[in-house]
Amino acid sequence: MTPRPLDPANLALAPKALLHDHLDGGLRPATVLELAHDCGYTELPADDQVALATWFRDAADSGSLERYLETFAHTVAVMQTASALERVARECVEDLAADGVVYAEVRFAPEQHLENGLTLDEVVESVLAGFAKGEVDAAGRGRPIVVRALVTAMRHAARSREIAELAVRFRGRGVVGFDIAGAEAGNPPTRHLDAFEYMRASNARFTIHAGEAFGLPSIHEALAYCGCDRLGHGVRVIDDITLPPGVTPASHSFDGAVLGDIAATVRDKRIPLELCPSSNVQTGAVASLADHPFNILARLRFRVTVNTDNRLMSDTCMSNEFKVLVDHFGYGWTDLERFTLNAMKSAFLHFDDRIRIIDEVIKPGYAVLIG
Ligand SMILES: O=c1[nH]cnc2c1ncn2[C@@H]1O[C@H](CO)[C@@H](O)[C@H]1O
Ligand SMILES: [Zn+2]
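Residues numbered from 1 in each chain as written. Chains lettered and ligands numbered in written order. Predicted model: local features only at pLDDT ≥ 70, side-chain atom pairs only at ≥ 80, totals over all residues. Heavy atoms only, no water.

Quick word on the sheet that holds strand β4 (residues 175-181)
Okay, step 1: An order of β1-β2-β3-β4 is seen for the four strands of this open sheet, with the pairing classed as parallel. Each end of this open sheet is capped by a strand with a single partner; those strands are β1 (16-22) and β4. Here the strands of the sheet are splayed against their neighbours by 25° on average, with no regard to which way each runs.
Okay, step 2: Here strand β3 (residues 146-154) runs beside β4; their pairing, made up of six bridges, is parallel. Bridged to Leu150 within β4 is Gly177.
Okay, step 3: Along the sheet, helix α7 (residues 120-140) contacts β2 (101-108), β3 and β4; its crossing angle with β3, the most-contacted strand, is approximately 155°. (Pairing = 2+ DSSP bridges. Helix = DSSP H or I, 4+ residues; strand = E, 2+ residues; numbered from the N terminus. Axes fitted to C-alpha atoms, helices over the stretch in contact; angles between N-to-C directions. Contact = heavy atoms within 4.5 Å.)

Concerning the packing of aromatic side chains
Okay, step 1: Applying the stated criterion across every chain, the model contains nine aromatic pairs.
Okay, step 2: Seen in terms of ring centroids, Phe178 and Phe196 are 5.9 Å apart; in terms of plane orientation they differ by 55°. Their pairing is tilted. Linking Phe178 in strand β4 with Phe196 in helix α9 (residues 193-201), this pair joins segments that are 18 residues apart in sequence.
Okay, step 3: By relative accessible area, Phe196 is classed as buried at 0%.
Okay, step 4: Between Phe329 and Tyr331, the aromatic rings sit 6.0 Å apart at their centres with planes inclined by 50°, giving tilted as the arrangement.
Okay, step 5: The exposure class assigned to Phe329 is buried, which follows from its relative accessible area of 3%.
Okay, step 6: What makes Tyr331 buried here is its relative accessible area of 3%.
Okay, step 7: The residue whose ring lies beneath Arg230 is Phe348, and the NZ or CZ to ring-centre distance is 3.9 Å. (Phe/Tyr/Trp six-rings, centres within 6.5 Å; stacked < 30°, edge-to-face > 60°. Buried < 20%, exposed > 50% of the residue type's maximum accessible area, 1.4 Å probe, protein only. Lys NZ or Arg CZ within 6 Å of the ring centre and 35° of its normal.)

Some remarks on the site of ligand 1
Okay, step 1: Close to ligand 1 lie 16 residues, the nearest being His22, Asp24, Gln112, Glu212 and Asp309.
Okay, step 2: Take Asp24: an N or O atom from its side chain is 2.4 Å from an oxygen atom of ligand 1.
Okay, step 3: Within the backbone of Gly182, an N or O atom sits 2.9 Å from a nitrogen atom of ligand 1.
Okay, step 4: Protein burial of ligand 1: of its 410 Å² of free accessible surface, 98% is covered by the chains.
Okay, step 5: At a threshold of 2 Å from the grid points, most atoms of ligand 1 map onto the second largest pocket.
Okay, step 6: Its residues assigned to classes, the shell around ligand 1 shows seven nonpolar, six polar and three charged. (Near = heavy atom within 4 Å. Polar contact = N/O pair within 3.5 Å; in protein donor to acceptor, adjacent residues only side chain to side chain. Areas by Shrake-Rupley, 256 points an atom, 1.4 Å probe, with all protein chains shown as cover. 1 Å grid on protein atoms, 1.4 Å probe; cavity = no way out; pocket = protein on both sides within 12 Å on 5 of 7 lines; lining within 4 Å. Sits in = over half its atoms within 2 Å of the grid points. Nonpolar A, V, L, I, M, F, W, Y, C, P; charged D, E, K, R; others polar.)

Details of unusual backbone geometry
Okay, step 1: Non-glycine residue Asn203 carries a positive phi angle of around 55°.
Okay, step 2: One non-glycine residue, Asp309, adopts positive backbone phi at about 65°.

Details of the layout of surface pockets
Okay, step 1: Its volume calculated, the largest pocket comes out at about 400 Å³.
Okay, step 2: In terms of lining residues, the largest pocket is bounded by 22 residues, among which Val175, Val176, Phe348, Leu349 and His350 are the most central.
Okay, step 3: Elements represented by at least two residues in the lining of the largest pocket include exactly β3, α8 (160-169), β4 and α16 (351-370).
Okay, step 4: Of the residues forming the lining of the largest pocket, the biggest block, five residues, is contributed by α16.
Okay, step 5: Looking at the lining of the largest pocket residue by residue, the classes come out as 11 nonpolar, five polar and six charged.
Okay, step 6: Its volume calculated, the second largest pocket comes out at about 350 Å³.
Okay, step 7: For the lining of the second largest pocket, the secondary-structure elements that each account for two or more residues are α4 (65-70), α5 (72-77), β2 and β3.
Okay, step 8: The residue inventory of the lining of the second largest pocket, partitioned by class, reads 11 nonpolar, eight polar and six charged. (Points joined across faces, edges and corners; volume = space filled by probe spheres on them.)

Some points on the state of the cysteines
Chemically, a disulfide is nothing more than a covalent bond linking the sulfur atoms of two cysteines.
Okay, step 1: As enumerated under the stated definition, the model contains zero disulfides in all.
Okay, step 2: Cys228 supplies the cysteine sulfur nearest to Cys226, a cysteine that is in no disulfide, at a spacing of 7.2 Å.
Okay, step 3: Among the residues examined, Cys228 registers a relative accessible area of 6% and is labelled buried. (Disulfide = S-S within 2.5 Å.)

A closer look at empty space enclosed by the protein
Okay, step 1: Applying the stated criterion across every chain, the model contains one cavity of 30 Å³ or more.
Okay, step 2: Considering only enclosed or pocket space, the largest cavity measures out at about 40 Å³ in volume.
Okay, step 3: Split by residue class, the lining of the largest cavity holds three nonpolar, one polar and three charged.

Side note on the coordination of the zinc ion (ligand 2)
Okay, step 1: Summarising the metal site, the zinc ion (ligand 2) is bound by the protein donors His20 (NE2), His22 (NE2), His209 (NE2) and Asp309 (OD), whose distances to it range over 2.0 to 2.2 Å.
Okay, step 2: Metal-centred angles of 84 to 171° between the four donor atoms at the zinc ion (ligand 2) mark the site as irregular.
Okay, step 3: Sequence spacing of the donors to the zinc ion (ligand 2): H-x1-H-x186-H-x99-D. Of the two residues, His22 sits in strand β1 while His209 sits in strand β5 (residues 207-210), which places them 187 residues apart along the sequence. (Donors = N, O, S within 2.8 Å, 3.2 Å for Na, K, Ca; no water. Tetrahedral: all angles 85-135°; square planar, octahedral: opposite > 155°, others 65-115°.)

Here we look at a positive patch on the surface
Okay, step 1: On the surface, Arg270, Arg301, Lys345 and Lys363 cluster together into a patch of positive charge.
Okay, step 2: Of note, Arg270 is situated in the loop between α11 (261-268) and β9 (273-275).
Okay, step 3: Relative accessible area serves as the criterion here: at 34%, Arg270 is assigned to the partly exposed category. (Patch = residues over 30% accessible without salt bridge, like charges linked within 9 Å, V, L, I, M, F, W, Y side chains within 5 Å. Salt bridge = Lys/Arg side-chain N within 4 Å of Asp/Glu carboxyl O. Lys, Arg positive; Asp, Glu negative; His and termini not counted. Charge placed at Lys NZ, Arg CZ, Asp CG, Glu CD.)

Concerning the nonpolar core
Okay, step 1: If you look at the biggest cluster of nonpolar residues, it comprises 120 residues, and the most contacted ones within it are Leu23, Tyr103, Phe131, Phe178, Phe294 and Phe302.
Okay, step 2: Considering each element in turn, this core owes the most residues, eight residues, to helix α6 (residues 82-98).
Okay, step 3: Discounting residues that sit within four places of it in the chain, Leu23 has contacts with Met79, Val88, Ala89, Cys92, Val106, Arg107, Phe108, Val127 and Phe131. (Core = buried A, V, L, I, M, F, W, Y, C linked by side-chain atoms within 4.5 Å.)

Quick look at the structure:
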C-alpha cells in the first residue's frame, strides 16, 4: 500500500469541497474580454488574456482589502445581463469540476448586477440556470459536481434585509444561504443584525465575512450578536491565541497554547473557518503564506476548511490552495481528506445530502490516493 504522490495531477483528482468562492471573482480572463466586447465596456485595463490575468493578480496583490476589492469593478461591469450571468455561472461550475471539486457553494451579490434593469430575482434565476447547466455538462464529462448558491449582501450598503429575504425566497431552488461581504472596517456585522435575525427566524443558514481586514471585534459580533453558522475567513481568531514559546507557524504541535474566550468559543462550538490562504496574503490579512495561521488552527483542532475566495484575483484553484498548504506545512492525503470532510460537514446542504457525498464520493476518493 503506497500513497499516490502529492503532485498536481493527483491533487486535481482528489475530491474537494469548496465553501467560499465568489462568482464575480472567478471569471476566465477570456470571458471577461468577450463579455466586455459584447456589452461595450471599454474600461478593461488590458486587452489580451495573459495581460488581463496578470493585471488582476497584481492589482489584487495590494496588501489592502479595499484596493483588492476595487478590481471587482471590471468583473461586475460585464455581468449585467441574464446571458452573461448564466455563462459565468456555467463556466464556474465547469472550471471547479475540472479541478476535482465535488461540492461548491458559490456566492455573489445580486444588488451589484442591476445596472441594466435586471431584478434581484432575475439575477438569481440566471445564475442558478448557469449552475444547473454546468452540473449537467460536468456530469456528462464524468466529473459530477453539486453546486449551490450563497446570496451576499454588500456590507457598506443598506439592502441586507431585502437580500436575506431573497435568499429565503430561493431556498430549495439552489440557494442554501446568505452572507455579507465588502469592506470590513467601518461596517461591522451588527449593522446588519436585522438581516441575520430574519435568517435565524426563518431557520436559514448564513456565514459572515469577519476577521479578515478587521480583527477580533468583528468575529465577536458575528458570533455573539449575529449568530453566524460559519466565519468567512475568521483568520484573525489567531489574535486571541497565546502560543507556547519556541513554535513557528509550521510546527507540528502547539500544546500549551492558551485560547481567549472568542477563540475558545469558535473551537468549542465547532464554528467552521472558511480560510483562503492566497487571498489572505493579497489583502494583507496575513504577512505571507509561510506565516499563515492555517496550520496552527488546524493542529489546534479548529474546524478549518480550505477555500479559493477569488480564483481570478488570486490566480488560483482548489488544488493550488492544497498544494500551497502541502508545500508550507507538509500535509499528506489524510490531512487533505480531513480538511475536505470538515468542509463537507459544514456545508449548508441538508444532512442526508452531505452524508451521501462524504460516503459515496469523498471517502472512496481519498482511499484510492492514500493507497
Ligand atoms: O475576501 C473578500 N472579503 C470581502 N469582500 C469580498 C471578498 N472577496 C470578494 N468580496 C466582495 O464580494 C462581492 C460579491 O461577490 C464582490 O463583488 C466583492 O466586492
Ligand atoms: Zn470572500
